[in-house]
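# What the coordinates show
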Amino acid sequence: MDTHIGSVDGPSPAAVNGAVGCPASAPGCPIMSSHPVVSAGEASLGRHLARRLVQVGVSDVFAVPGDFNLTLLDHLVDEPGLRLVGCCNELNAGYAADGYARARGVGACAVTFTVGGLSVLNAIAGAYSENLPVICIAGGPNSNDYGTNRILHHTIGIPDFSQELRCFQTVTCHQAVVTNLDDAHEQIDTAIATALRESKPVYLSISCNLPGLPHPTFTRDPVPFFLAPRMSNKMGLEAAVEATVEFLNKAVKPVLVAGPKLRVAKAGKAFVDLVDASGYAYAIMPSAKGFVPETHPHFLGTYWGAVSTAFCAEIVESADAYLFAGPIFNDYSSVGYSFLLKKDKAIIVQPERVIVGNGPAFGCVMMKEYLSALAKRVQKNTTAYENYKRIFVPEGHPLKGEANEPLRVNVLFKHIQDMLTGDSAVLAETGDSWFNCQKLKLPEGCGVGWLFARRYEFQMQYGSIGWSVGALLGYAQGASDKRVIACIGDGSFQVTAQDVSTMLRCEQNSIIFLINNGGYTIEVEIHDGPYNVIKNWNYTALVEAIHNGEGKCWTAKVKCEEELTAAIETALGEKKDSLCFIEVIAHKDDTSKELLEWGSRVSAANSRPPNPQ
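Scoring rules and cut-offs
- Residues numbered from 1 in each chain as written.
- Predicted model: local features only at pLDDT ≥ 70, side-chain atom pairs only at ≥ 80, totals over all residues.
- Heavy atoms only, no water.
- UniProt positions renumbered as here; feature names shortened; annotations may be inferred.
- Pairing = 2+ DSSP bridges.
- Helix = DSSP H or I, 4+ residues; strand = E, 2+ residues; numbered from the N terminus.
- Axes fitted to C-alpha atoms, helices over the stretch in contact; angles between N-to-C directions.
- Contact = heavy atoms within 4.5 Å.
- Salt bridge = Lys/Arg side-chain N within 4 Å of Asp/Glu carboxyl O.
- Buried < 20%, exposed > 50% of the residue type's maximum accessible area, 1.4 Å probe, protein only.
- Phe/Tyr/Trp six-rings, centres within 6.5 Å; stacked < 30°, edge-to-face > 60°.
- Lys NZ or Arg CZ within 6 Å of the ring centre and 35° of its normal.
- Parallel < 35°, antiparallel > 145°, perpendicular 65-115°, else oblique.
- Left-handed = near helix turned anticlockwise from the far one by under 90°.
- Nonpolar A, V, L, I, M, F, W, Y, C, P; charged D, E, K, R; others polar.
- Right-handed = clockwise from strand over helix to strand, strands pointing away.

An unreviewed UniProt entry lists the chain under the name pyruvate decarboxylase, from Triticum aestivum. A UniProt comment under Sequence similarities (unreviewed entry) is attached to the chain, and it reads "Belongs to the TPP enzyme family." The UniProt entry for the chain carries this comment under Subunit (unreviewed entry): "Homotetramer."

Next up, the structure:
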């Protein structure tokens, strides 16, 4: 069965006997024929949690120590299958768990009570928006302190310990506060299973005096979970496919568009199978980049309204039928609600629901099953692709510069494009890197295809600046087979720069392009003001100071194409085993044309006057 949530399709390498996530009494759960002899130390709560994490595929837990979680961290450290990765702050630990979940299917972070929990909260909210199963573990107060009317440190000074829990209730799909041993096993197992089943973060608080204690419900080797796969209602599936086939087969020039929820539906291969069977041209929404191959001959590019890939929007918006698989329509993805789409021409396929035109709607229909069934029924129609070929004109190349001319951003990304191979992964920070990285053509293996976790990541729904530093740490730790290229703006880097330190401690060899243009460029294009200008840092000197002679690190500051070419050659050659930090000096007004257009439309959407009351 499929349990690898981070992949668009792949089965989890962590599943034991094909099972993860439910009590041993559940139907289909493999029961060990004999229970191993268990010593008291190995049957503790902390050891049980550690082994559960390993069992579901977590090999690295990103943590910040605090007095309420120290004994729990001891047990995580003692687990042979786990590495405890100490981060510089809780926000980055959460971002790292987010990045790790993208690479490995599930991530985990461990923080202390309230001061740690409320610090990691923003990262957990971002993981929730991106449908990522992250297990957020907080060390809680001593179990004897609950209900005593005492005031504890790390709280807001009142004898109510529930503030942290209440904050997490809105950004996690499940919460558990473990204050006694009798139901600790059930609470831990339910939380982890829910994260996997719902593909959302969960919050798990464990009293600080419990991790080392044994209980009969804990075993040295926890019985494997079993997560029952969600199945479609057969009649609903047949009705949805029938209605869709009728809708599409009478269309003259239908197209397909892949959306970001392909990941949570694990439907990437099914989408590609539908492309092959139908002959339709297909595009991706921006936040679905990397979920389906970009090397397929019928690939149009990114559909992003007014800032779409050239000739892509024209084909999509002129189609008489378009099927969106797993879309998220928000003000960013729709460029300030400026899509030229009509509901009566659209089929909207969500992970468990299908809407055909203005109706009907079909619930309890799993996207993966639906797309697979549709591929067997739909008639081949290549009209939209043929129309695209008629109007397509290859895009131009950046103007050739003079010797030692100041480096332009479009020249930088031309060189990044040349760096990409099947062994690469790309991570784009919120900002103009969204638009420049979106134009990169992912080679085979760099995108997901249908066998691997996605090799292109960014956080579009939540759009938290600074996300990329922690996410790079986590993603690179989880995808050690790839060399990650991260494109980060100077403003974003200043938010979370510290965990370059942790990358060095983990001996990672990512390549960071720090684009120094003196401010929050994406905000400038939405609404400019003095608050968008930041203090300039000597970024390479900062990274050298963080390096401090410990670990493999190489930095370069480049101002022209000649220096960039030399830096890339060194990063890919002599310093291929080092963390490479390349600071690119760019003009403050050097932005992509897409950002200029997008920014003006989002600004217009943001500044709409109030409706009359």
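Our focus in this paragraph is the sheet that holds strand S2 (residues 83-86). Here we have 6 strands laid out as an open sheet, ordered S2-S1-S3-S4-S6-S5, and parallel in their pairing. Only two strands of the sheet have a single partner each, and these edge strands are S2 and strand S5 (174-178). Averaged over all adjacent pairs, the angle separating strand axes in this sheet is 20 degrees, with direction ignored. Against the sheet, helix H6 (residues 184-198) makes contact with strand S4 (134-140), S5 and strand S6 (202-207), and its axis sits at roughly 160 degrees relative to S5, the strand it touches most.

Turning next to the pattern of salt bridges. Counted under the stated rule, the structure contains 23 salt bridges. For arginine 263, the salt bridge goes to glutamate 457, with nearest N and O atoms at 3.0 Å. Here the residue arginine 263 occupies a position in helix H8 (residues 262-265), and glutamate 457 occupies one in strand S15 (residues 456-457), the gap between them amounting to 194 residues. Accessibility expressed as a relative area gives 1% for glutamate 457, which makes it buried. Notably, a salt bridge pairs aspartate 589 with lysine 588, separated by 3.2 Å at the nearest N-O pair. The partly exposed category is assigned to aspartate 589, whose relative accessible area is 48%. Residue class for lysine 588 comes out exposed when judged on its relative accessible area of 54%. Among the charged side chains, a salt-bridge network with shared partners connects Asp98, Arg102, Glu130, Arg263 and Glu457.

Bringing the packing of aromatic side chains into the picture now. Counting across every chain of the model gives 22 aromatic pairs. Here the aromatic rings of phenylalanine 113 and phenylalanine 161 are separated by 6.4 Å at their centres, their planes lie at 85 degrees, and the arrangement is edge-to-face. You can see phenylalanine 113 sitting in the loop between strand S3 (107-112) and helix H4 (117-129) and its partner phenylalanine 161 sitting in the loop between S4 and helix H5 (163-168), a full 48 residues away along the chain. You'll find phenylalanine 113 and phenylalanine 161 in the same group, each marked buried. Grouping aromatic residues by their ring pairs yields a cluster made of Trp304, Tyr332, Trp434, Phe435, Tyr456 and Phe458. When the ring centre of phenylalanine 225 is taken as reference, the NZ or CZ atom of arginine 52 above it lies at 3.7 Å.

The omega torsion of the bond from glycine 359 to proline 360 falls at 5 degrees, within 30 degrees of zero and hence cis. Within the element layout of this structure, proline 360 appears in the loop between strand S12 (353-356) and strand S13 (361-363). Of note in this structure, asparagine 548 is not a glycine but carries a positive phi near 55 degrees. Note on placement: asparagine 548 falls in the loop between helix H19 (539-547) and strand S18 (553-558). Note on asparagine 548: relative accessible area 57%, which makes it exposed.

This next bit is on the sheet that holds strand S8 (residues 281-284). Sheets are built from strands paired through backbone hydrogen bonds, the pairs being either parallel or antiparallel. Reading across from one edge, S9-S8-S7-S10-S11-S12-S13 is the order of the 7 strands in this open sheet, with mixed pairing throughout. At either margin of the open sheet sits one strand with a lone partner, and together these are strand S9 (299-302) and S13. Averaged over all neighbouring strand pairs, the angle between strand axes comes to 15 degrees, with direction disregarded. Examined bridge by bridge, strand S11 (residues 346-350) and S12 share 4 bridges and lie antiparallel to one another. Bridge pairing in S12 links isoleucine 347 to valine 356.

What follows covers the packing of helix H9 (residues 268-278) against helix H11 (residues 367-375). Taken N-terminus to C-terminus, the directions of H9 and H11 make an angle of 15 degrees; their axes are 8 Å apart at the nearest point. With respect to their mutual orientation, H9 and H11 come out roughly parallel. The handedness of the crossing between H9 and H11 is left-handed. Facing Ala270, Phe271, Asp273, Leu274 and Ala277 of H9, the residues of H11 in contact are Lys368, Leu371, Ser372, Leu374 and Ala375. Each residue belonging to the contact of H9 with H11 can be placed in one class, and the counts come to 7 nonpolar, 1 polar and 2 charged.

Counting buried positions along S6 gives 6 out of 6 residues, so the element sits mostly inside the fold. Of the two faces of S6, the one holding Val202, Leu204 and Ile206 and the one holding Tyr203, Ser205 and Ser207 are both buried throughout. With 6 bridges connecting them, S4 and S6 associate as parallel partners. Bridged to cysteine 136 within S6 is tyrosine 203. As paired elements, S5 and S6 share 5 bridges and run parallel to each other. Bridge pairing in S6 links glutamine 175 to tyrosine 203. Taken together, S5, H6 and S6 constitute a β-α-β crossover, and its handedness is right-handed.

UniProt's feature table lists "binding site: Mg(2+)" (unreviewed entry) at Asp490, Asn517 and Gly519, given in the numbering used throughout. A stretch of 30 residues holds the annotated residues, and the largest C-alpha distance among them is 7.0 Å, short enough that they meet in one place. Mapping aspartate 490 onto the fold places it in helix H16 (residues 490-496). Accessibility expressed as a relative area gives 1% for aspartate 490, which makes it buried. Dropping the residues within four chain positions of it, aspartate 490 is found in contact with Leu514, Ile515, Asn516, Asn517, Gly518, Gly519, Ile534 and Tyr539. Mapped onto the fold, glycine 519 is located in the loop between strand S17 (511-516) and helix H18 (521-526). With residues up to four places along the chain from it excluded, the contact list for glycine 519 reads Asp490, Gly491, Asn532 and Ile534.

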